[in-house]
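Inside the fold
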Amino acid sequence: MAGLTKEHVLRALGSVRHPTRDGDVVSLGMITGVVIKGGNVGLSIEIDPSEAPVSEPLRRACEQAVKNLAGVTSVTAVLTAERAPGDRPAAPPPTLGRQETPARPAVPGVGAIVAVASGKGGVGKSTTAVNLAMGLAALGQRVGLLDADIYGPSLPRMTGAAGRPNATSGQKLRPMESYGVKIMSMGFLVEEDTPMIWRGPMVQSAIQQMLSDVEWGELDVMVVDLPPGTGDAQLTMAQRVPLTGAVIVSTPQDIALLDARKAINMFRKVDVPILGIVENMSYYCCPKCGHRAEIFAHGGARLCAERYGVDFLAEIPLDAEIRELSDAGRPIVLARPESPQAQAYLRLAMSVRDKLAELAGGKARRFPRIVWA
Ligand code: ADP
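These numbers were taken from a predicted model, which means no experiment stands behind them. Position numbers for residues start from 1 in each chain and track the written sequence from start to end. Totals for whole chains, interfaces and linings use every residue, but because this is a predicted model, local features are given only for residues with pLDDT of at least 70 and side-chain atom pairs only at 80 or more, for both listing and counting. Values shown for side chains rest on all heavy atoms present in the structure; no hydrogens or waters enter the calculation.

1. What to know about the site of the ligand
Any residue with a heavy atom positioned within 4 Å of a molecule or strand is treated as near that molecule or strand. Around the ligand, 16 residues are found, and the nearest of them are Gly 122, Lys 125, Ser 126, Thr 127 and Pro 317. A distance of 2.9 Å separates a nitrogen atom of the ligand from a polar atom in the side chain of Asn 280. Protein chains shield 82% of the accessible area of the ligand, which is 560 Å² for the free molecule. Runs of E in the DSSP output that reach at least two residues are strands. Runs of H or I that reach at least four are helices, and both are numbered from the N terminus. Only helix 3 (125-138), strand 10 (274-285), strand 12 (312-318) and helix 9 (320-327) provide two or more residues apiece to the shell around the ligand. For the shell around the ligand, the class distribution of residues is seven nonpolar, six polar and three charged. Distance and chemistry together define a polar contact, namely a pair of N or O atoms within 3.5 Å, with one atom able to donate a hydrogen and the other to accept it when in protein, and with adjacent residues in sequence counting only for side-chain atoms on both sides. Exposure was quantified through the Shrake-Rupley algorithm and a 1.4 Å probe, taking into account, for residues, occlusion by the shown protein chains and nothing else. Residue type decides the class: Asp, Glu, Lys and Arg count as charged, Ala, Val, Leu, Ile, Met, Phe, Trp, Tyr, Cys and Pro as nonpolar, and the leftover types, Gly among them, as polar.

Below you can see the structure in the form of structure tokens.
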């Protein structure tokens, strides 16, 4: 709405008192960011990690206070907690093993959730997530794509979806849509060049909201592009988001595969089935002469999969067109479906679809009905 300003938002937040400290969230200096996009408001609330138990009600109270303002259609408040790198979190650290984890957000109507993960950044995880999601859609599935890579949300660019999500009458955000796939990303809500230094609790909160405060509707599959790496944020997410399975992306070099192993171990420890490994930038095919060159030691991911007893899902070539079309927001799986590269992504989508059907058939199903507890 024209006229909604940061001052209006801060004034509304001034009514939210801290439950244990003397003062309101504004005078205590806890509001570290306010972003207004039309009627959509984004807030960041700085908390002390030791306050984690009282922070969620406080976050909701802040959202409610701003929601009550005229002209506000949606509010997304995220928690931030600064701590020096290497510090252990003061809030209960994520635990490994089969232990029950708290609060699994409900996303009714979503049949399966597949995380696309990588042990480190830059291996093509997001590119794979987008082409997998679009490939599943091409196979007739109803697909959602959630950009949980909030450190560097790239899905708006890669999918060509632009603009801001609208709010529904039920105060949820309507996901963006591209090529029939429903998409949500922090990239739609914050400025592209805003440097974001997100900490564990904030990441968790943002992702839970993108799961539960977005009108996803009925989906066969939701593909989640996880942040790269295997730190606290990824681990907590693997525990809290009821993932049906994970796809691990790696390049063939040993060093990348070492990280991929860490990702495999992480998912195993939290009992998330690994659907398999994708080797990205697996080999190079010269577009002019068709000569195939194994730039990195091709095949490492297949060996890694064998050694770890997980399936090998696909080899995706290193290919300029994959990057160019991705940068142009036209995933190759749809832009050039007849190309061998697109066919590789389509085979990946088929394998994932079939594995999900197998899991739903009961064999290794971890969550009895629609995955949500
Ligand atoms: P990540 O999500 O692992 O950080 P991205 O998917 O953002 O990685 O990919 C990093 C860069 O590599 C992007 O510019 C992307 O277009 C490019 N890229 C990814 N996969 C391929 C591929 N198979 N061939 C060529 N370029 C690729």
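2. Quick word on the side chain of Glu 279
Tracing the sequence through the fold places Glu 279 in strand 10. Among the residues examined, Glu 279 registers a relative accessible area of 0% and is labelled buried. Here the side chain of Glu 279 touches Gly 300 through a polar contact of 3.2 Å, landing on its backbone nitrogen. When checking whether two residues touch, look at their non-hydrogen atoms; a contact exists if any pair is within 4.5 Å. Aside from chain neighbours lying at most four places away, what touches Glu 279 is Ser 250, Pro 252, His 298, Gly 299, Gly 300, Ala 301, Arg 302, Phe 312, Ala 314, Glu 315 and Ile 316. Only protein chains enter the area calculation, which uses a 1.4 Å probe; residues under 20% of their type maximum are buried, those over 50% are exposed, and those in between are partly exposed.

3. Comments concerning the packing of helix 7 (residues 254-269) against helix 8 (residues 300-308)
Between the N-to-C directions of two axes lies an angle of 0 to 180 degrees, each axis being a line fitted to C-alpha atoms and, for a helix, fitted only over the stretch in contact. Where helix 7 contacts helix 8, the two axes come as close as 11 Å, and the packing angle between them is 35°. Along this stretch, helix 7 crosses helix 8, giving a crossing that reads as right-handed. In contact with Leu 257, Arg 261, Ile 264, Asn 265 and Arg 268 of helix 7, helix 8 contributes Gly 300, Ala 301, Cys 304, Arg 307 and Tyr 308. The residue inventory of the contact of helix 7 with helix 8, partitioned by class, reads five nonpolar, two polar and three charged. Take the far helix as the reference: if the near one is turned anticlockwise from it by less than a right angle, the crossing is left-handed, and if turned clockwise, right-handed.

4. Thoughts on helix 11 (residues 340-360)
How far a helix is expected to stretch is found by multiplying one less than its residue total by 1.5 Å. With 21 residues, helix 11 should reach 30 Å at 1.5 Å per residue; the first-to-last C-alpha distance of 30 Å fits that figure. Taken together, the buried positions of helix 11 are occupied by Gln 341, Ala 342, Ala 344, Tyr 345, Leu 346, Leu 348, Ala 349, Val 352, Lys 355, Leu 356 and Leu 359.

5. Describing the pattern of salt bridges
What counts as a salt bridge is simple: a side-chain nitrogen of Lys or Arg found within 4 Å of a carboxyl oxygen of Asp or Glu. Overall, the coordinates contain 15 salt bridges when judged by the stated rule. Arg 59 is paired through a salt bridge with Glu 63; the nearest N and O atoms lie 2.8 Å apart. In this pair, Arg 59 and Glu 63 are both assigned in helix 2 (residues 52-67), four residues apart and thus about one turn of the helix distant. Its relative accessible area of 3% is what places Glu 63 among the buried residues. Lys 125 serves as the salt-bridge partner of Asp 225, at 2.8 Å between the closest nitrogen and oxygen. Of this pair, Asp 225 sits in strand 8 (residues 221-225) while Lys 125 is found in helix 3, placing the two residues 100 residues apart along the sequence. Across this residue pair, the class does not change: Asp 225 and Lys 125 are buried.

6. A short note on the pairing of strand 12
Two faces belong to every sheet, and in a regular strand the side chains alternate between them. The element strand 12 is largely enclosed, with a buried count of six among its seven residues. Bridge analysis of strand 10 against strand 12 gives five bridges, and the strand direction is parallel. For Tyr 284, the partnering residue across the bridge sits in strand 12 and is Leu 318. Strand pairing follows a simple DSSP-based rule, namely that at least 2 bridges must link the two strands.

7. Considering the side chain of Asp 319
Within the secondary structure layout, Asp 319 lies in the loop between strand 12 and helix 9. Buried within the structure, Asp 319 lacks any salt-bridge partner; Arg 336 is the closest side chain of opposite charge, at an N-O distance of 6.7 Å. Discounting residues that sit within four places of it in the chain, Asp 319 has contacts with Ile 332 and Gln 341. Residues scored as charged are limited to Lys and Arg (positive) and Asp and Glu (negative), so that His and the chain ends carry no count.

8. Re the environment of Met 176
Assignment of secondary structure puts Met 176 in strand 6 (residues 176-178). It is 5.9 Å that separates the C-alpha atoms of Met 176 and Pro 165, two residues lying 11 residues apart in sequence. Look past the residues within four positions of Met 176 in its chain and what remains in contact with it is Ala 161, Ala 162, Gly 163, Arg 164, Pro 165, Val 181, Lys 182, Ile 183 and Phe 188.

9. A closer look at unusual backbone geometry
Peptide bonds are, in most cases, trans, and in most cases residues other than glycine have a negative phi. Phi at Tyr 179 is positive, roughly 50°, even though this residue is not glycine. When you line up the elements, Tyr 179 lands in the loop between strand 6 and strand 7 (181-185). A positive phi is found at Met 281, a non-glycine position, where the angle reads about 55°. One can find Met 281 in strand 10.

10. Here's the deal with the sheet that holds strand 1 (residues 31-37)
The three strands lie next to each other as 1-2-3, forming an open sheet whose pairing is mixed. Looking at strand neighbours, the two that pair on one side only are strand 1 and strand 3 (74-80), the edges of this open sheet. Shown here is a sheet whose adjacent strand axes are inclined to one another by a mean of 15°, direction ignored. Sheet analysis places strand 1 next to strand 2 (residues 40-46), joined by six bridges and oriented antiparallel. Across the sheet, residue Val 34 finds its bridge partner in strand 2, namely Leu 43. Contacts from helix 1 (residues 6-13) reach strand 1 and strand 2 within the one sheet, and its direction differs from that of strand 1 by about 130°.

11. Topic: the environment of Gly 187
Relative to the helices and strands, Gly 187 is located in the loop between strand 7 and helix 5 (200-212). Taking C-alpha positions, Gly 187 is 9.6 Å from Asp 149, a pair spaced 38 residues apart along the chain. Those residues in contact with Gly 187 that sit more than four places away from it in its chain are Pro 153, Pro 156 and Arg 164.

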